[in-house]
Amino acid sequence: MEKEVKNKVLFVRITGEVDLKEADRLRREVDEIIENYPVKDIVFNLKNVDFIDSSGLGVILGRFKKIRSLGGRVYLASTNEKIKKILELSGFFRIMKGISREEEVWEEKAYEA
């Protein structure tokens, strides 16, 4: 997992499987950044995710609720077809914006850098 904060946007680039063990680590690390840096929005880049279970989905949903309560947004970037289908069936694209590449976050009219 790679994390980067740029202009109040936290980019989280996840690789491999997001199962119970990895989900707990993801939650802790993302929460630590949200608490210690001025983060407005989060972009989860899921391009290199091979598998995600309910615990991984729960972490993303929990960060969505946390960031939304702070007035921010969560974006799901570069999802591969397998993961995209899981996110669609779970209703994530109804509450979070899917983008094809990370840079689209800067193109959002709602985003104020």
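Here is a short report on the structure shown in this document. (Residues numbered from 1 in each chain as written. Predicted model: local features only at pLDDT ≥ 70, side-chain atom pairs only at ≥ 80, totals over all residues. Heavy atoms only, no water.)

1. Quick notes on the pattern of salt bridges
Scanning the model with the defined rule gives eleven salt bridges in all. Here Glu4 makes a salt bridge to Arg13, at a shortest N to O gap of 2.8 Å. Here Glu29 ties to Arg25 by a salt bridge, and the two come within 3.1 Å at their closest N and O atoms. One end of the pair is Glu29 and the other is Arg25, both in helix H1 (residues 20-36) and four residues apart, which spans about a single turn. We classify Arg25 as partly exposed; its relative accessible area is 29%. The structure contains a network of salt bridges with shared partners spanning Glu2, Glu4, Arg13 and Glu102. (Salt bridge = Lys/Arg side-chain N within 4 Å of Asp/Glu carboxyl O. Helix = DSSP H or I, 4+ residues; strand = E, 2+ residues; numbered from the N terminus. Buried < 20%, exposed > 50% of the residue type's maximum accessible area, 1.4 Å probe, protein only.)

2. Some points on the environment of Leu61
Its location among the elements puts Leu61 in helix H2 (residues 54-69). Leu61 sits 20 residues away from Glu81 along the chain, and the two C-alpha atoms are 20 Å apart. When sequence neighbours within four positions are dropped, the list of residues in contact with Leu61 reads Phe92, Ile95 and Met96. (Contact = heavy atoms within 4.5 Å.)

3. A few points about the pairing of strand E2 (residues 9-18)
For E2, a buried count of eight out of ten residues is recorded, marking the element as mostly surrounded by other parts of the structure. Of the strand pairs in this sheet, strand E1 (residues 2-6) and E2 are connected by five bridges, and their pairing is antiparallel. Directly across from Val5, in E2, lies its bridge partner Leu10. Hairpin connection from E1 to E2: two residues lie between these consecutive antiparallel strands, with Asn7 at a positive phi of about 50°. The pairing of E2 with strand E3 (residues 41-52) spans nine bridges and is parallel. Across the sheet, the residue bridging to Gly16 is Val49, located in E3. In this fold, the crossover linking E2 to E3 by way of H1 has right-handed handedness. (Pairing = 2+ DSSP bridges. Right-handed = clockwise from strand over helix to strand, strands pointing away.)

4. Here's the deal with the sheet that holds strand E5 (residues 97-99)
Strand order in the open sheet made by the five strands is E1-E2-E3-E4-E5, with mixed pairing throughout. In the strand order of this sheet, the two ends are held by E1 and E5, each with one partner. Shown here is a sheet whose adjacent strand axes are inclined to one another by a mean of 25°, direction ignored. Seen against the sheet, H1 touches E1, E2 and E3 and runs at an angle of roughly 170° to E2. Where helix H3 (residues 81-89) meets the sheet, its contacts fall on E3 and strand E4 (74-77), and the angle it forms with E3 comes to roughly 115°. (Axes fitted to C-alpha atoms, helices over the stretch in contact; angles between N-to-C directions.)

5. Details of the packing of aromatic side chains
Per the counting criterion, the structure on display carries one aromatic pair. For the pair Phe11 and Trp106, a centre-to-centre distance of 5.9 Å together with 55° between the ring planes defines the contact as tilted. In this pair, Phe11 is assigned in strand E2 and Trp106 in helix H5 (residues 104-107), connecting sequence segments 95 residues apart. Judged by relative accessible area, which is 3%, Phe11 ranks as buried. (Phe/Tyr/Trp six-rings, centres within 6.5 Å; stacked < 30°, edge-to-face > 60°.)

That is the geometry; function is a separate question.
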